[in-house]
Amino acid sequence: MKLSQIIQSSIEWLVSSNKVRVKSLLEKLNKQEQGDTTLFHGTIKSVVSNNGVDASFGFITGDDAEEYFFHRGEINPVDIFDNIDEARGTRVAFIPFKNYKGLNANNVHLI
């Protein structure tokens, strides 16, 4: 028996004996690939600047009381927080996601 046949046979056995678990795993993978696009709302807590003027990154306190990191590249439009003093306390909407570093915000924009 060829290695490819052994692998195929093993996969078929796994799928047939664990259909529910395999289906659940595939659904989770699809959700991660597609991303959850639910908008969250929050307030800019703090903004950090590398050059003292433009926002480089910051933190949002979500309405869910969680803290989310955002990078300047996720702000839309990008120049909206050029004056970092005005950014604090600004209400925003964003798409949350979690990576190995913690909670993050994508597509940050004013509301």
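Reference entry: report on the structure contained in this document. (Residues numbered from 1 in each chain as written. Predicted model: local features only at pLDDT ≥ 70, side-chain atom pairs only at ≥ 80, totals over all residues. Heavy atoms only, no water.)

Another aspect to go through is the pattern of salt bridges. Overall, the coordinates contain two salt bridges when judged by the stated rule. One salt bridge in this structure joins Lys45 and Glu67, with 2.5 Å as the shortest N-O distance. Note that Lys45 is positioned in strand S1 (residues 40-48) and Glu67 in strand S3 (residues 67-71), a separation of 22 residues in sequence. Here Lys45 falls in the partly exposed class, since its relative accessible area comes to 46%. The partly exposed category is assigned to Glu67, whose relative accessible area is 37%. Of the charged contacts, one joins Asp63 and Arg91 as a salt bridge, the two residues approaching to 2.9 Å between their closest N and O atoms. Taken together, the residues span a long stretch of sequence, with Asp63 in the loop between strand S2 (57-62) and S3 and Arg91 in strand S4 (residues 91-99) at a distance of 28 residues. In this structure Asp63 comes out as exposed when scored by relative accessible area, which is 52%. (Salt bridge = Lys/Arg side-chain N within 4 Å of Asp/Glu carboxyl O. Helix = DSSP H or I, 4+ residues; strand = E, 2+ residues; numbered from the N terminus. Buried < 20%, exposed > 50% of the residue type's maximum accessible area, 1.4 Å probe, protein only.)

Structurally, Asn104 is set in strand S5 (residues 102-110). A polar contact of 3.2 Å, which involves the side chain of Asn104, links it to the side chain of Asn99. Asn104 has contacts with Tyr68, Phe69, Ile95, Pro96, Phe97 and Asn99, leaving out every residue within four places of it along the chain. (Polar contact = N/O pair within 3.5 Å; in protein donor to acceptor, adjacent residues only side chain to side chain. Contact = heavy atoms within 4.5 Å.)

Let's shift gears to the pairing of S5. In terms of strand pairing, S4 meets S5 through seven bridges, oriented antiparallel. If you follow Pro96 over to S5, its bridge partner there is Ala105. (Pairing = 2+ DSSP bridges.)

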